Amino acid sequence: MPTPAQIEEQVQLERDQVSQGLKRLRKNTQQLEGKSYASASIYGITSIDTLLPLVVERIQDTTNRIKEGKTGRSFKEIQQYLSDLEPLAAAAIACKITFDKVFSYKEGSNQVVNVCDSIGNAVEDECQMRHYEANAPGLLNVLKKNYWHKSIGTHQKIVVIQTLMNRYDVKPWVKWGRPNRVKLGAWLLDCIMETNEWFYKDIRREGRKTNNYVVPTPEFLEIKDKVMQESELFAPLAWPMLIEPNDWSHEKPGGYLLNEVMRGHEMVRRGDHLRIQGETPIAFLNKIQKVAYKLNHFTVNVAEQLCEKGISVGKFIPIVEVPLPPKPPDIADNKDSRKTYRRAAAEVMNTNASAFRRSCRTRMTMEAVRKFWSKEFYIPWSFDYRGRAYPIPAFLTPQDTDFGKSLIKFANGSVIKGNACDWLSFQCATTYGLDKATWKERLKWTEDNLFTVTRVALDPIDNIGDWEAAEEPWQFLAACDEYYHCCIKNDRHVTGLPVATDATCSGLQILAGLARDKETAQLVNVLPSDRPQDAYKVVADVSKWNIPDRLRDIWDRKCVKRTVMTIPYNAKPFSNRTYIRDALKEKDIEIEKDELTQTVKAVRDAMSIKFPGPMSVMKWIEDEVAKAITRGVAEIAWVTPSGFVVTQRIMKKKVQTLDLQLLGRCQIRVATDDPHKVDRARHKAATAPNLIHSLDASLLHLSVERFDSPIALIHDSVLCRATDMSVLSHIIRETYMDLFAKQDYLNDFAEQIMAESEPPIIDTLDEGWSVIDSNYFFC
């Protein structure tokens, strides 16, 4: 039990989370307004989301009247400039610029003529980029890759692209001229103002001049204040806790102590909060919340040294400030000198801006490190609607980046004994990149590389080349330190390093158990074997003879890996095409459309041949869900073996998406006429993946119930101390057997969704099959 002083310290920490969250929200809003980016603020995003459909409808109405010859004279002058732009694009640009200019702190920014000119200018910039895309698509793509993310703001992007396009003699863009831009912008501004009561034109006498301004109405200011007030309720930062989080129950929320911090954090994210969850999942959640962590001072110290040196490794990206070049002495009088300096200064500012953006997560992580430097801490967790557990904090958790994971250890270490050194050796090899090697090969790799492990542990900065190329460099760094001190030098007798094991093709393992499919079970390490089975290689070998001849020599497991991984989660041929095309591009192979169609079919056919049970189960689930929706079922729900209640409710929404060249992606969401209409297609696609996720979550719920040592989770991966991994691995195997050998869950699922046909259980597994002796089931 925490002492009153510890509780008070946690309460003060949570008060800091509230105050700093509010401070950050308000500061971000002020900075966005100061930089004329109010459209990216909370109130800007929310308001534009509401406004966009109305403006699109207004523009579309005018477009329809054009076809009927009913437009006025003023619109005829600007009609040509909107001919190549969709109503959604024009509306999105106009709304964004209006918010940016009206709420900017810059003097005169919201004058009507400036707002109109800016809208017209932004529309012209978009049309100009589309002009280049139509006339030189390949060149534009190359220029974007090389220059796009180095530029600050949309104006510099358009200037850079325009300059380079002119250099390559691309058909030049014919400028519209300011008068036409202002007319176009004025018409779009009127569209915005006529569809709502948010803005009006304010005529002001200023000296001898009369100026018109666009200003928000009192009605909109009231809406803005309300949006910001509601945002502030959810602004508190989420940090780890200094004491054990409150237990979750159906009567009261768990996690943080203060209600102000817990707003927005439910036990089940995006779930049906009226559903009563089983005792086992709730006990599981409360149990993993009681695991204490502490910082790994070794990796923290390395990070701090690399911060000072400005060296990046993997996901660790410190901010590096490049100084501006010195101004030449003749800058005031020499035009060429002035031009050269401005160009060099712009390059430096672009570099610094890019470095600042890229270093954001690293800076926030190091801020959290300073806060918890000498403290033990705990992590509050919650479920997603399938039953998977996720940390509520974003930093210093087992589900952080490779760098973030390396910063934490279990606070309660255990004495090195048994085969703990083997598991630490396993962790070294796995994080270096041998995650597909056998158990013996991983131990042998560490044994053969003891000199490297020692160098990394003793002097990681001067030997950075030994660890920065690892698959997971920071976790490899942490593993080298632990292995060296616990197993080589033997001056550390307690280990708290999280060692991770992962399911092999989790989706296929679950489906193999449901269908009792022996061939699939063998290929995904459910059944014992001397070395890890490689399902990806098997599919590549089977499909090889049905793909185009010219691809056979380079066809391997990497070409099919993402497709094989995602098909159990209902990936369709369209996404399969993308994965295979991308894999071939890495081998510098371009594939034609018809060849790609043939190749995708070959891979999917190979999946059906080698994994008959999983493929038939997925097809059966799709068919039965479609029948259920047709019968009038509004949601699909089932209870997992651990007692977690999954509620899958997917309603139809009409979403129109458009990618703008300069302003990015915008979406417009419009509810259907019947907001209660069930989305049959998405239910069909989602149910099999969600069933798999709910069952791998259930496997962990039941396993953790029997495990009494510190544990952490990453989806279907488990982390524990090296001394405990053999016990945990055995428990997971036994639990899998309980779920799929001793129960008949697919028939239970069929009853719960009221299936009209029998599930396709092919039942080729022998009656005495066992996963207990499969070393590579979790590895």
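Not measured: the values here are computed from a predicted model.

Parameters and conventions
- Residues numbered from 1 in each chain as written.
- Predicted model: local features only at pLDDT ≥ 70, side-chain atom pairs only at ≥ 80, totals over all residues.
- Heavy atoms only, no water.
- Helix = DSSP H or I, 4+ residues; strand = E, 2+ residues; numbered from the N terminus.
- Rg over C-alpha atoms; globule rule 2.2 N^0.38 Å.
- Buried < 20%, exposed > 50% of the residue type's maximum accessible area, 1.4 Å probe, protein only.
- Contact = heavy atoms within 4.5 Å.
- Areas by Shrake-Rupley, 256 points an atom, 1.4 Å probe, with all protein chains shown as cover.
- Lys, Arg positive; Asp, Glu negative; His and termini not counted.
- Charge placed at Lys NZ, Arg CZ, Asp CG, Glu CD.
- Patch = residues over 30% accessible without salt bridge, like charges linked within 9 Å, V, L, I, M, F, W, Y side chains within 5 Å.
- Salt bridge = Lys/Arg side-chain N within 4 Å of Asp/Glu carboxyl O.
- Phe/Tyr/Trp six-rings, centres within 6.5 Å; stacked < 30°, edge-to-face > 60°.
- Lys NZ or Arg CZ within 6 Å of the ring centre and 35° of its normal.
- Pairing = 2+ DSSP bridges.

Visitor: Just give me the short version of the overall build of the chain, but keep the residues and values in it.
Guide: Scanning the chain for helices and strands turns up 29 helices and 17 strands. Here the C-alpha atoms of the chain give a radius of gyration of 30 Å, agreeing with the 28 Å that 2.2 N^0.38 yields for 779 residues. Relative to its full complement of 779 residues, the chain shows a buried share of 51%. Here the contacts in the chain between residues at least 6 apart in sequence split such that 73% fall between residues at least 24 apart. Total accessible area on the chain stands at roughly 37400 Å², and carbon and sulfur atoms take up 50% of it. The average position of the 105 basic charges and that of the 104 acidic charges among the side chains of the chain differ by 6 Å.

Visitor: An account of a negative patch on the surface is needed here, citing residue identities and associated values.
Guide: Together, Glu-197, Glu-219, Glu-222 and Asp-225 give the surface a local cluster of negative charge. Tracing the backbone shows Asp-225 in helix H9 (residues 218–233). Residue Asp-225 is classed as partly exposed on the basis of its relative accessible area, which comes to 44%.

Visitor: If you had to explain helix H19 (residues 473–488) to someone new, which residues and values would you point to?
Guide: Burial of H19 is extensive: 15 of the 16 residues sit out of reach of the surface. Looking at the residues trailing H19, positive phi occurs at Asn-490, about 60°.

Visitor: Pulling in residues and values, what's your account of the packing of aromatic side chains?
Guide: In total, this model carries 27 aromatic pairs according to the counting rule given. The interplanar angle of 85° and the centroid separation of 5.5 Å between the aromatic rings of Phe-99 and Phe-199 together place this pair among those described as edge-to-face. One end of the pair, Phe-99, is in helix H4 (residues 87–102); the other, Phe-199, is in strand S1 (residues 199–206), and 100 residues separate them in sequence. For Phe-199, a relative accessible area of 5% translates into the label buried. Grouped by ring-pair contacts, the aromatic residues Tyr-43, Phe-99, Phe-103, Trp-198, Phe-199 and Phe-220 constitute a single cluster. The ring of Tyr-43 is capped by Lys-224, whose NZ or CZ atom sits 4.6 Å from the centre of that ring.

Visitor: Now, about the environment of Val-56: what can you tell me, with residues and values included?
Guide: On the secondary structure map, Val-56 appears in helix H2 (residues 42–67). Remark: the alpha-carbon pair of Val-56 and Ile-609, spanning 553 residues in sequence, is separated by 50 Å.

Visitor: I'd love a proper account of the sheet that holds strand S8 (residues 408–410), names of residues and values included.
Guide: Overall, antiparallel pairing links the three strands, which are arranged S5-S4-S8 in an open sheet. For this open sheet the edge positions go to strand S5 (377–378) and S8, each flanked by a neighbour on one side alone. Looking at chain direction, strand S4 (residues 292–295) and S8 are connected through three bridges and run antiparallel. Note on S8: the bridge partner recorded for Lys-294 is Lys-409.

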